[in-house]
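For reference, the chains in residue letters:
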Amino acid sequence: QVQLVESGGGLVQPGESLRLSCAASGSIFAIGSMAWHRQTPGKQRELIASITHGGRTNYFANSVKGRFTISGDTAKGTVYLQMNSLKPEDSAVYYCNAVEPAGRRTYWGQGTQVTVSS
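Attention in this report is confined to the structure presented alongside it. (Residues numbered from 1 in each chain as written. Predicted model: local features only at pLDDT ≥ 70, side-chain atom pairs only at ≥ 80, totals over all residues. Heavy atoms only, no water.)

1. Topic: the packing of aromatic side chains
Here is step 1 of the chain: If you walk through the whole model with that rule in mind, you get 0 aromatic pairs.
Here is step 2 of the chain: Looking at Arg-19, its charged tip hangs above the ring of Tyr-80, at a distance of 4.1 Å from the centre.
Here is step 3 of the chain: Over the face of the ring belonging to Trp-108 we find Arg-45, whose NZ or CZ atom lies 4.7 Å from the ring centre. (Phe/Tyr/Trp six-rings, centres within 6.5 Å; stacked < 30°, edge-to-face > 60°. Lys NZ or Arg CZ within 6 Å of the ring centre and 35° of its normal.)

Pasting the structure below:
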C-alpha cells in the first residue's frame, strides 16, 4: 500500500520560513511528478508547485512565485517545499501528492497545517 507523509508544518510569524517534507513509502511502480497543494476552508484545493521526474519542469502558482521553491527526488518519492517570506494568506493545510506516469494513479498525503500569524 502506497503512503505519502508530510511533515514540517507549524506556526510562524509573517516573514519567517518553513520547509515542508514529503516521503513516499510502499509499492510505487514509478512516479511521473510530485506536487504540493494547499487548501483553506471554503476554497478549492490549489496547486502551489510541482516537479516532474528528473526535476526538468517546475511549476509555481503566481501567489508564491519568487518566495517558494520545490525540490526533491521523484525516483525516491521525496519532495520538499521551501517557503520563504511567509504571509498570513499562506496559512492553509498543505498536501503532498504523487502521480504515476500518464496519470494512471494519484496518491495524496494526509496534509500538514501551516499557520502564519503575528
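2. Examining the pairing of strand E11 (residues 112-116)
Here is step 1 of the chain: Burial of E11 is one-sided: the residues Thr-112, Val-114 and Val-116 facing one way are buried, the residues Gln-113 and Thr-115 facing the other way are not.
Here is step 2 of the chain: With 3 bridges connecting them, strand E2 (residues 10-12) and E11 associate as parallel partners. Note on E11: the bridge partner recorded for Leu-11 is Thr-115.
Here is step 3 of the chain: Here 3 bridges tie strand E9 (residues 92-99) to E11, and the two strands are oriented antiparallel to one another. By the bridge assignment, Val-93 is partnered in E11 with Gln-113. (Buried < 20%, exposed > 50% of the residue type's maximum accessible area, 1.4 Å probe, protein only. Helix = DSSP H or I, 4+ residues; strand = E, 2+ residues; numbered from the N terminus. Pairing = 2+ DSSP bridges.)

3. Let's talk about unusual backbone geometry
Here is step 1 of the chain: You will see that Ser-85, though not glycine, has its phi angle at about 50 degrees, which is positive.
Here is step 2 of the chain: For Ser-85, the location among the structural elements is in the loop between strand E8 (78-83) and E9.
Here is step 3 of the chain: Residue class for Ser-85 comes out partly exposed when judged on its relative accessible area of 40%.
Here is step 4 of the chain: Unusually for a residue other than glycine, Ala-102 sits at a positive phi of about 65 degrees.

4. Details of the sheet that holds strand E1 (residues 3-7)
Here is step 1 of the chain: Pairing within the open sheet is antiparallel, and its 4 strands lie in the order E1-E3-E8-E7. Of all strands in the sheet, those bounded by a partner on one side alone are E1 and strand E7 (68-73). Direction aside, neighbouring strands of the sheet carry axes that sit 15 degrees apart on average. (Axes fitted to C-alpha atoms, helices over the stretch in contact; angles between N-to-C directions.)

5. Side note on the pairing of E7
Here is step 1 of the chain: Two elements, E7 and E8, share 6 bridges in a ladder whose sense is antiparallel. Bridge pairing in E8 places Thr-69 opposite Gln-82.
Here is step 2 of the chain: Linkage of E7 to E8, two consecutive antiparallel strands, is achieved through a turn of 4 residues, within which Gly-77 is found at a positive phi near 75 degrees.

6. Quick look at the side chain of Thr-74
Here is step 1 of the chain: Position of Thr-74 relative to the elements: it lies in the loop between E7 and E8.
Here is step 2 of the chain: Its relative accessible area of 4% is what places Thr-74 among the buried residues.
Here is step 3 of the chain: If we ignore the near neighbours within four places in the chain, the residues touching Thr-74 are Ile-31, Met-34, Ile-51, Thr-52, His-53 and Gly-54. (Contact = heavy atoms within 4.5 Å.)

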